[in-house]
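Close look at the chain arrangement
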Amino acid sequence: WKPIEGFKFEEIRFEEFNHIAKVTINRPRYRNAFTPKTVWEMSQAFNYCREALDIRVVILTGEGDKAFCSGGDMHVKGRGGYVGGDGVPRLNVLDLQMQIRRLPKPVIAMVNGYAIGGGHVLQVVCDLSIASDNAIFGQTGPKVGSFDAGFGASYLARIVGQKKAREIWFLCRQYSAIEAERMGLVNKVVPFEQLEDECVDWANTMMERSPLALRMIKAGLNAELDGQAGIQELAGDATMLYYTLDEAQEGGKAFLEKRKPDFDKYPQFP
Ligand code: 1HA
């Protein structure tokens, strides 16, 4: 892995290897809990991943062998949100969840330990989750004065079912990697030493597939669940494809040449 140039991140690491970007929450002292700054840095990294044509897959993980992410940093939990250096309370991880969901490339959660609270929701919103055998999953909100009733609840329920989602949130128990796999919460469990190789292997396989096909499948899977916002995403991809056709080019050309467009010459399919 080599660092991606141009960023001065303090709470994450941002690296690249063979068209795979890796975003690592780098606060192992606090079980990789996130502050508004951690989230801001992750957000910038994901924005780069969206724009960078050479990045095909993103891996999200946490530093060390203890935690993927333990959610919001309780030391800075204030009234109205988590408080950053500017003294303003924020719940900016919600924007990051949207970014991960809307990224037109696969995101793999490489769950290397505790995925708890808002950290668990992050692994939920990733497209795929691969966990090490020491990983532990769970929500804590109702125990510590919080809840995520957005993707953290409704998308979780789509994955594990309503009964299980309610159990996870109402009881705030912890679940082993094997239990998580049985619930469909993770795609695969491997020994810790194999975790990164496994994720890279999955990423490499996806990079042998058609990027546009993966993009459309992700948008379609999102659209079914995301209502108008999901349709907007899928529709945007359809527009992008339409713009690659001569038929769409003709409309623009005709406007600039101040003539009537001739759409009849383009093929129609039944
Ligand atoms: O719910 C939301 C949101 C909802 C809507 C919109 C936005 C949201 C944004 C965030 C969140 C949340 O994330 S709420 C949930 C916040 N997180 C938690 O309740 C998890 C708290 N941590 C734990 O339960 C445990 O630490 C652990 C199960 C992850 C690990 O346990 P372990 O291995 O026994 O370690 P532990 O000794 O507890 O932790 C090691 C150190 O890391 C401790 O510091 P120390 O005593 O050495 O000074 C501990 O305080 C620190 N630490 C762990 N997690 C956090 C943390 N410090 C701050 N914040 C944490 N989340």
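Values in this document were obtained by computation on a predicted structure and should not be read as measured data. (Residues numbered from 1 in each chain as written. Predicted model: local features only at pLDDT ≥ 70, side-chain atom pairs only at ≥ 80, totals over all residues. Heavy atoms only, no water.)

Quick look at the overall build of the protein
Threshold: Helical segments are the DSSP runs of H or I of at least four residues, strand segments are the runs of E of at least two, and each set is numbered from the N terminus. Throughout, a residue-residue contact means that at least one pair of heavy atoms, one from each residue, lies within 4.5 Å. Computed with a 1.4 Å probe, the accessible areas rest on the Shrake-Rupley method; for each residue, only the protein chains presented here act as cover. Residues counted as positive are Lys and Arg, residues counted as negative are Asp and Glu, and His and the chain ends are not counted. Charge positions come from single atoms, namely NZ of Lys, CZ of Arg, CG of Asp or CD of Glu.
On a plain count of helices and strands, the protein comes out with 10 helices and 14 strands. Over its C-alpha atoms, taken along the principal directions, the protein stretches across nearly 65 × 40 × 35 Å. Once local pairs closer than 6 in sequence are excluded, the contacts in the protein between residues at least 24 apart make up 64%. With an accessible surface of roughly 14,500 Å², the protein has 55% of that area assigned to carbon and sulfur atoms. In the protein, 33 side chains carry a positive charge and 35 a negative one; their mean positions are 5 Å apart.

Points about the site of the ligand
Rule in force here: To be near a molecule or strand, a residue needs just one of its heavy atoms within 4 Å of it. Identification of polar contacts relies on pairs of N or O atoms within 3.5 Å, with a donor-acceptor requirement for protein atoms, meaning one able to donate a hydrogen and the other able to accept it, and with residues adjacent in sequence counted only if both atoms are side-chain atoms. Lys, Arg, Asp and Glu make up the charged group, whereas Ala, Val, Leu, Ile, Met, Phe, Trp, Tyr, Cys and Pro make up the nonpolar group; the residues left over, Gly among them, are polar.
Close contacts around the ligand come from 25 residues, with G72, M74, G118, T140 and S146 the closest. The contact in question runs from a nitrogen atom of the ligand to an N or O atom on the backbone of S70, over 2.9 Å. Taking S146, its side chain carries an N or O atom lying 2.5 Å from an oxygen atom of the ligand. Within the complex, 71% of the 1,100 Å² of free accessible area of the ligand lies under protein. Elements that contribute at least two residues to the shell around the ligand include exactly α2 (93-102) and β10 (114-116). For the shell around the ligand, the class distribution of residues is 12 nonpolar, 9 polar and 4 charged.

Side note on the pattern of salt bridges
Applicable threshold: For this analysis, a salt bridge means a side-chain nitrogen from Lys or Arg found within 4 Å of a carboxyl oxygen belonging to Asp or Glu.
By the definition in use, this model includes 18 salt bridges. With a closest N to O distance of 2.9 Å, R90 and D86 form a salt bridge. Each of E11, R27 and D73 takes part in one network of salt bridges that share partners.

Observations regarding the pairing of strand β11 (residues 128-132)
Heads up, the condition is: Note on classification: 1.4 Å probe, protein chains only; a residue is buried when its accessible area is under 20% of the maximum for its type, exposed when over 50%, partly exposed between these limits. Here, strands pair whenever DSSP counts at least two bridges between them.
Among the 5 residues of β11, 5 are classified as buried, and the element is accordingly described as predominantly covered. A two-sided burial pattern is seen for β11, the buried positions comprising L128, I130 and S132 on one face and S129 and A131 on the other. In this structure, strand β9 (residues 107-111) lies alongside β11, joined through 4 bridges in parallel fashion. Opposite I108, over in β11, you have L128 as the bridge partner. Pairing geometry for β11 and strand β14 (residues 188-190), over 3 bridges, is parallel. By the bridge assignment for β14, A131 is matched with V189.

Remarks on the layout of surface pockets
Where empty space is left can be seen by rolling a probe of water-molecule size over the atoms. Counted only if it meets this: Two kinds of site are reported from a 1 Å grid over the protein atoms alone, namely cavities, where a 1.4 Å probe fits but cannot get out, and pockets, open sets with protein on both sides within 12 Å along at least five of seven lines, and residues are called lining when an atom falls within 4 Å of a point. Grid points are joined across faces, edges and corners, and a volume is the space filled by probe spheres set on the points.
Here the largest pocket defines a volume of roughly 580 Å³. G72, Y82, G117, G118 and S146 are the residues nearest the centre of the largest pocket, which is lined by 32 residues in total. Of all the secondary-structure elements, those providing two or more residues to the lining of the largest pocket are β6 (77-78), β7 (81-83), α2, α3 (118-125) and α4 (141-144). At 3 residues, the largest contribution of residues to the lining of the largest pocket is made by α2. Here the lining of the largest pocket is built from residues that sort into 13 nonpolar, 15 polar and 4 charged. Taken as a whole, the second largest pocket encloses approximately 360 Å³ of empty space.

Examining the pairing of strand β2 (residues 12-17)
In this structure, strand β1 (residues 2-3) lies alongside β2, joined through 2 bridges in antiparallel fashion. Across the sheet, residue K2 finds its bridge partner in β2, namely E16. Pairing analysis gives 6 bridges linking β2 to strand β3 (residues 20-25), with the strands arranged antiparallel. Note on β3: the bridge partner recorded for F14 is V23. Connecting the antiparallel pair β2 and β3 is a turn made up of 2 residues, with N18 showing a positive phi of about 50 degrees.

Notes on the sheet that holds β1
The condition is simple: To get an axis, a line is fitted to the C-alpha atoms, and for a helix only the part in contact is used. The angle between two axes follows their N-to-C directions and goes from 0 to 180 degrees.
Spatially, β1-β2-β3-β4-β9-β11-β14 is the arrangement adopted by the 7 strands of the open sheet, whose pairing is mixed. The outermost strands of the open sheet, each flanked by one partner alone, are β1 and β14. Here helix α1 (residues 36-51) sits on the sheet and contacts β2, β3, β4 (57-62) and β9; the angle it forms with β2, its principal contact strand, is near 20 degrees.

Digging into the side chain of D237
Looking at where D237 falls in the secondary structure, it is placed in helix α9 (residues 211-243). Once you skip the residues sitting within four places of it in the chain, D237 turns out to touch R215, M216 and A219.

Examining the confidence of the model for the protein
The predicted coordinates of low-pLDDT regions are not to be read in fine detail. In plain terms, the rule: pLDDT expresses how confident the predictor is about each individual residue, on a scale running from 0 to 100.
Averaged over the protein, the pLDDT score is 98; the fraction of residues at 70 or greater is 100%. Under the prediction, the complex receives an ipTM of 0.99, its pTM being 0.98.

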